[in-house]
Amino acid sequence: MTTFHFEGLPWPLRIMQTPLRETARRFFALWPHLCSGTEEGPPVAVAPGGYRWSLGDRCVCEPTEAAFLCSLSIEMVLACCAARPDLLRLHAAAVAGHGRGLLLCGGHQAGKSVLTARLTADGWTGYGDDMVAVTRGGNLFSFGIAPRLRLPLPPSAVLRSFVLARRGCGDASAVYLDAARSGTAAWGREHPLHAVVLLRRVSSGPARLRTLEASEGTTALLRRSLFEAGQADATLQAACDLTERVPCVQLSYADADRAAQRLTLWARQGLPLPLSTACAPRAGEAGARPEPGREQADSDEPSRRFLRQAAGIAFRRVGLEGYLTDARGTALYRLTPLGCALWRMLEQPLSEAQAAALLDEAYPHVGRRRIARDVRGLFDALRARGLTVPADDEGEARASGRDMTAAE
């Protein structure tokens, strides 16, 4: 039996079984820790059905050793960050090379882990491929967890050779790199962040970079952020501050080798801003002209019930979009430009019918039917999330002195 005491972790980790204990030593080789023979903390239970560990309302239960260490490391990172409110926690990846630190964001299977490993194969240093933190000062913060790669590996000879020479624990679905030889920075090591890169997988073509607006970068960060109750507003502020300091770009790529080469060249050149790509409005989006004869409103009449903003809701404008945080700071909600306009209008009692009428006058080219549908969807979403409340009565709206028959 061995009890691990990890730096920055508020609770000990007790492992009874020898094979798992030795695997854990290698897995957490980059996270400073001490070992003792004392019986502290809840033990890891190993049974034929899998591995289990629990502490309070936190529980990890996985069928394989590698999957267990993956889930356990996430719990450890979350516990570590709970004691460090200065860290912006992200489900993202990060690398540093040629004097530049890059934060790699993207959705499921965007290639964060693969690209991190591919860049470390070229001499970059990894700062995480799943759980990453950024300090208030704008530095990447490493947790010392090596990349986890899904199997089968993509067709890259360089990556395959790198992984096979440094293979750590794994199972049929994924494999970890051996931490000590993975090119990953040790726990607590920091590096200045110089750019946010939003990954976009495409089916073919060269790797391309294009500049994003700061608001797009903020949205990408918030979609990948992990925060505790009461931290929503602070997380929003941290994300906005970060994208105001560093450039945000999108990397579109089909091949990990070409993507790594493009980022390496970009870093060597000092991260010059690539050209922006103008995007024309697509059919059906706000601003596009409706089809002839489709301007009529939906058959259902819009509601005439008056609503207003709920108390304690914080609003922040980010570019053309905006964000709301609930009164308890437990959630963030993104608003489109139309949503921002409606939210401002809801400072005074407003009905769905009045909002649709105002916007129809302000944007006659969009079409009454589209406006009515968008307004209804927004009113329903705000009401369902408790962001608006019923106004006292229609008299309150009239008493506010607001002219609802003319666009503001």
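This report concerns the structure included in the present document. (Residues numbered from 1 in each chain as written. Predicted model: local features only at pLDDT ≥ 70, side-chain atom pairs only at ≥ 80, totals over all residues. Heavy atoms only, no water.)

1. Points about the pairing of strand E19 (residues 248-253)
Next up, step 1: The buried count for E19 comes to six of six residues, which makes it a mostly enclosed element.
Next up, step 2: Neither face of E19 is left uncovered, since the one carrying Cys248, Gln250 and Ser252 and the one carrying Val249, Leu251 and Tyr253 both have all their residues buried. (Buried < 20%, exposed > 50% of the residue type's maximum accessible area, 1.4 Å probe, protein only. Helix = DSSP H or I, 4+ residues; strand = E, 2+ residues; numbered from the N terminus.)

2. A look at the packing of helix H1 (residues 18-27) against helix H2 (residues 65-82)
Next up, step 1: For the pair H1 and H2, the least separation of the axes is 11 Å and the interaxial angle reads 50°. By the angle between their axes, H1 is oblique relative to H2. H2 is crossed by H1, and the crossing has right-handed handedness. Contacts between H1 and H2 involve Pro19, Leu20, Thr23, Ala24 and Phe27 from the first element and Glu65, Phe68, Leu69, Cys70 and Ser73 from the second. (Axes fitted to C-alpha atoms, helices over the stretch in contact; angles between N-to-C directions. Parallel < 35°, antiparallel > 145°, perpendicular 65-115°, else oblique. Left-handed = near helix turned anticlockwise from the far one by under 90°. Contact = heavy atoms within 4.5 Å.)

3. Section: the sheet that holds strand E21 (residues 314-318)
Next up, step 1: Strand order in the open sheet formed by three strands is E21-E22-E23, and the pairing between neighbours is antiparallel. The open sheet is flanked by E21 and strand E23 (332-335), the only strands paired with a single partner. Looking at each pair of strands side by side, their axes are set apart by 25° on average, direction ignored.
Next up, step 2: Here strand E22 (residues 321-325) runs beside E23; their pairing, made up of four bridges, is antiparallel. (Pairing = 2+ DSSP bridges.)

4. A word on the packing of aromatic side chains
Next up, step 1: Applying the stated rule across the entire model yields 11 aromatic pairs.
Next up, step 2: Seen in terms of ring centroids, phenylalanine 6 and phenylalanine 28 are 5.1 Å apart; in terms of plane orientation they differ by 70°. Their pairing is edge-to-face. Placement of phenylalanine 6 in strand E1 (residues 2-6) and of phenylalanine 28 in the loop between H1 and strand E3 (33-36) is noted, with a sequence separation of 22 residues between them.
Next up, step 3: Of the residues examined, phenylalanine 28 reaches a relative accessible area of 0% and is grouped as buried. (Phe/Tyr/Trp six-rings, centres within 6.5 Å; stacked < 30°, edge-to-face > 60°.)

5. A few points about the side chain of arginine 224
Next up, step 1: Take arginine 224: it is sitting in the loop between helix H5 (214-223) and helix H6 (232-245).
Next up, step 2: The buried charged residue arginine 224 lacks any salt bridge, with aspartate 130 as its nearest oppositely charged partner at 7.1 Å. (Lys, Arg positive; Asp, Glu negative; His and termini not counted. Salt bridge = Lys/Arg side-chain N within 4 Å of Asp/Glu carboxyl O.)

6. Comments concerning helix H7 (residues 256-268)
Next up, step 1: Its 13 residues give H7 an end-to-end C-alpha distance of 18 Å, which sits within 8% of 18 Å, the value for a rise of 1.5 Å per residue.
Next up, step 2: Considered for burial, the residues of H7 that qualify are Ala256, Asp257, Ala259, Ala260, Leu263, Thr264, Trp266 and Ala267.
Next up, step 3: The residue sitting at the N-terminus of H7 and contributing the capping side-chain oxygen is aspartate 255; that oxygen lies 3.0 Å from the backbone nitrogen of aspartate 257.
Next up, step 4: One or two residues past the end of H7 sits glycine 270, with phi positive at roughly 90°. (Expected span 1.5 Å × (residues − 1). Polar contact = N/O pair within 3.5 Å; in protein donor to acceptor, adjacent residues only side chain to side chain.)

7. Some remarks on the pattern of salt bridges
Next up, step 1: Overall, the coordinates contain 13 salt bridges when judged by the stated rule.
Next up, step 2: In this structure, aspartate 178 engages arginine 181 in a salt bridge whose closest nitrogen and oxygen atoms are separated by 3.3 Å.
Next up, step 3: Through salt bridges with shared partners, a single network forms among Arg118, Asp122 and Asp257.

8. Notes on the nonpolar core
Most often, soluble globular proteins have nonpolar side chains that are buried together.
Next up, step 1: Residues Phe28, Trp31, Phe68 and Phe143 are the most contacted members of the largest nonpolar core, which totals 35 residues.
Next up, step 2: Those elements that place two or more of their residues in this core are E1, strand E2 (13-15), H1, strand E5 (50-55), H2 and strand E11 (131-135).
Next up, step 3: At 11 residues, the largest contribution of residues to this core is made by H2.
Next up, step 4: Not counting residues within four places of it along the chain, the set of residues in contact with phenylalanine 143 comprises Trp31, Val77, Cys80, Cys81, Met131, Val132, Ala133 and Trp187.
Next up, step 5: One finds Leu193, Leu236, Val246 and Leu332 within the second-largest nonpolar core, a separate group that totals 27 residues. (Core = buried A, V, L, I, M, F, W, Y, C linked by side-chain atoms within 4.5 Å.)

9. What about the sheet that holds E2?
Next up, step 1: A sheet is described by the order of its strands in space; here six strands give the open sequence E3-E1-E2-E4-E5-E6, paired in mixed fashion. Two strands in the sheet have a free side with no partner beyond their single neighbour: E3 and strand E6 (58-62). Across the sheet, the mean angle separating the axes of adjacent strands is 20° when strand polarity is ignored.
Next up, step 2: Sheet analysis places strand E4 (residues 43-47) next to E5, joined by three bridges and oriented antiparallel. Each residue of the ladder has a partner; that of alanine 45, found in E5, is arginine 52.
Next up, step 3: Set on the sheet, H1 makes contact with E1, E2, E3, E4 and E5; between it and E1 the angle comes to about 20°.
Next up, step 4: Contacting E1, E2, E4, E5 and E6, H2 crosses the sheet at an angle of about 165° to E6.

10. Observations regarding the environment of proline 192
Next up, step 1: Residue placement: proline 192 occurs in strand E16 (residues 190-192).
Next up, step 2: Considering only alpha carbons, one finds proline 192 and glycine 99, 93 residues apart in sequence, at a separation of 8.9 Å.

11. Examining helix H10 (residues 368-384)
Next up, step 1: Between its terminal C-alpha atoms H10 stretches 24 Å, which fits the 24 Å expected from 17 residues at 1.5 Å a residue.
Next up, step 2: Taken as a whole, H10 has its buried residues at Arg370, Ile371, Ala372, Val375, Leu378, Phe379 and Leu382.
Next up, step 3: Residue glycine 386 follows H10 closely and has a positive phi angle near 75°.

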